[in-house]
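Below are the chains, spelled out letter by letter.
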Amino acid sequence: MIEHGLFITSTDTGAGKTAVAACLTAALIARGREALALKPLESGCTATPEGLIGPDSSLLCRVSGLLLDQVVVERFTWPVAPAVATRLAGVEQLDLDELAERINSLAPRGVTALVESIGGLLVPLNEEQTTADLARILGLPLLLVVANRLGCLSHALLSVEAIRSRGLEFAGWVLTELAPDDPADAARNENYVELAARIDAPCLGRLPFVGGLAVLPADGLAALAEEHLGAALQLLDPGN
């Protein structure tokens, strides 16, 4: 069972969960901590001679220094929710208790694990359960990644409401930038202020836009976390 770590979810797909997981993992490892990032479910993977490979798990493998099967449990070709992907493939729907056991088995005792979810909090994983149910079974505190773009205020507040209504432990949130800074974009620049005033949990960092993140060296990812995700690192590594 994972004893220490975070379950990283988001307001929606493409919000920057993998970037946050990769940066935090790289920073913890650079500090001398035993840490790894897991991507239990990944859709939209590409078929290769080595099997299905996705960009998110590839980055997390590189950061953690692990093989693909040590990072991801189930991979799907279609870029859709797992409940849909399994139905399209004509295979058995996911059993979340079994999935949680497999996730727990990937994290050695005493290791800090960053478990990155697929999509947002209510993505259907089978005919009846969502990502929120997997988070509940794993029992890890949630970190909500919010992409700073049009619609993020409603998306973030709805996600927080879903977390709270299900009695899940909410560690805090991170705001990510998906495009370079634009001083003329006043609305985007004010989104942090609105979110900070309305979310009853701490902001654990603000990750800026970084081009070429997928090929950034581990020390570069670690530096980003140290500079921009300090509160999240303090939560994960309070003794440092």
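Conventions adopted
Residue numbers run consecutively from 1 along every chain, following the written order of its sequence. In keeping with the predicted nature of the model, local features appear solely for residues at pLDDT of at least 70, side-chain atom pairs appear and are counted solely at 80 or more, and the whole-chain, interface and lining totals rest on all residues. Hydrogens are left out, water is left out, and the side-chain values use all remaining heavy atoms of the structure. Take the buried Ala, Val, Leu, Ile, Met, Phe, Trp, Tyr and Cys residues and link them wherever side-chain atoms come within 4.5 Å; each set so joined is a nonpolar core. For each residue, the accessible area found with a 1.4 Å probe, counting protein chains only, is set against the maximum for its type, and the residue is called buried under 20%, exposed over 50%, and partly exposed in between. Helix and strand labels come from DSSP, where a helix needs a run of H or I of at least four residues and a strand needs a run of E of at least two; each type is numbered from the N terminus. Two residues form a contact once any of their heavy atoms are found within 4.5 Å.

**Brief notes about the nonpolar core**
- Ile-103 and Leu-134 are the most contacted members of the largest nonpolar core, which has 42 residues in total.
- Elements represented by at least two residues in this core include exactly strand S2 (35–38), helix H4 (96–106), strand S7 (112–116), helix H5 (131–138), strand S8 (142–147), helix H6 (152–165) and strand S9 (170–176).
- Here the element with the most residues in this core is H6; it accounts for five residues.
- Beyond its immediate chain neighbours, meaning those up to four positions away, Leu-134 contacts Phe-7, Leu-96, Leu-99, Ala-100, Ile-103 and Leu-125.
- Judged by nonpolar contacts, the second largest core, of 38 residues, contains Ala-22, Leu-24, Ala-35 and Leu-68.

**So, the environment of Asn-148**
- With respect to the helices, strands and loops of the structure, Asn-148 is situated in the loop between S8 and H6.
- We classify Asn-148 as buried; its relative accessible area is 4%.
- For Asn-148 and Arg-188, which are 40 residues apart along the polypeptide, the C-alpha to C-alpha distance reads 6.5 Å.
- Residues in contact with Asn-148, not counting those within four places in the same chain, are Leu-175, Thr-176, Glu-177, Arg-188 and Asn-191.

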